[in-house]
Amino acid sequence: MIHYSLSCEQEHAFEGWFRSSADFEAQAARRLVVCPTCGSTQVGRGLMAPNVQSGRSKDARAAAAAERSTPAAPSVPAPTAAMMVPNPVQRAMLETLREIKAKILASAEDVGPRFAEEARKIHYGEAEHRGIYGEASLDEAKALAEEGIEVHPLPILPDERN
């Protein structure tokens, strides 16, 4: 993962983690990177300090860092998703996703781990046409797509991970 310092056209500074530089570029081009302050999708990378690893072991680096820290300095935990307050644009998007997901779950049948089997039966006319949801491995989902069976993953929303 690559940690980037980012800024929007309004010069709001924030951070983001991406798998690669190409991943950031692709997401930024599709306007998926959003400023948490103003909601702008005109986002670029800012200046960053490089993370240089020395030849010392991880334990030696941790011990050296502990020696440098002062005991009087208060320990502040890193922000977590639960601690962060989404901006109005993010809040509206999450609420829309919640509503869409609730409608899907209310109008479809949970077939659990039999999802791939049931999707095939419906696609090939062996079972009644109906909305279903359930569990499928990545390999099962790829196989369904190769057969021309359209499937979509349901989003896992932040409050569902708590």
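Residues numbered from 1 in each chain as written. Predicted model: local features only at pLDDT ≥ 70, side-chain atom pairs only at ≥ 80, totals over all residues. Heavy atoms only, no water.

Peer 1: In this structure, what is going on with the pattern of salt bridges? I would like to understand it.
Peer 2: Any two side chains of opposite charge can pair, on the condition that their charged atoms come close. For the structure shown, the criterion picks out eight salt bridges. One salt bridge in this structure joins E25 and R45, with 2.9 Å as the shortest N-O distance. Note that E25 is positioned in helix α1 (residues 21-29) and R45 in strand β3 (residues 43-45), a separation of 20 residues in sequence. For R45, a relative accessible area of 38% translates into the label partly exposed. The partner of R130 in a salt bridge is E118, and the shortest N-O contact between them spans 2.7 Å. Taken together, the residues span a long stretch of sequence, with R130 in the loop between α4 (115-123) and β5 (132-134) and E118 in helix α4 at a distance of 12 residues. On the basis of relative accessible area, E118 is assigned to the buried category, the value being 7%. Taken together, the shared-partner salt bridges in this structure form one network comprising E109, R114, E117, E118, K121 and R130. (Salt bridge = Lys/Arg side-chain N within 4 Å of Asp/Glu carboxyl O. Helix = DSSP H or I, 4+ residues; strand = E, 2+ residues; numbered from the N terminus. Buried < 20%, exposed > 50% of the residue type's maximum accessible area, 1.4 Å probe, protein only.)

Peer 1: Looking at this structure, I do not really get the sheet that holds strand β1 (residues 2-8). What am I missing?
Peer 2: Strands pair in a sheet through their backbones, by hydrogen bonds, and they do so in one of two ways: parallel or antiparallel. Pairing is antiparallel across the open sheet formed by three strands, whose spatial order is β2-β1-β3. The sheet terminates laterally at β2 (13-18) and β3, the two strands that pair on one side only. Direction aside, the axes of adjacent strands within the sheet are offset by 40° on average. Here β1 runs beside β3; their pairing, made up of three bridges, is antiparallel. Looking at β3, one finds that C8 is bridged to V43. (Pairing = 2+ DSSP bridges. Axes fitted to C-alpha atoms, helices over the stretch in contact; angles between N-to-C directions.)

Peer 1: Whenever I open this one, the pairing of β2 confuses me. Can you help?
Peer 2: Successive residues of a regular strand alternate their side chains across the two faces of the sheet. Across the two faces of β2 the burial differs, with F14, G16 and F18 buried and A13, E15 and W17 not buried at all. Looking at chain direction, β1 and β2 are connected through six bridges and run antiparallel. Residue pairing across strands places Y4 opposite G16, the latter belonging to β2. Between the end of β1 and the start of β2, which pair antiparallel, lie four residues, with E11 showing a positive phi angle near 65°.

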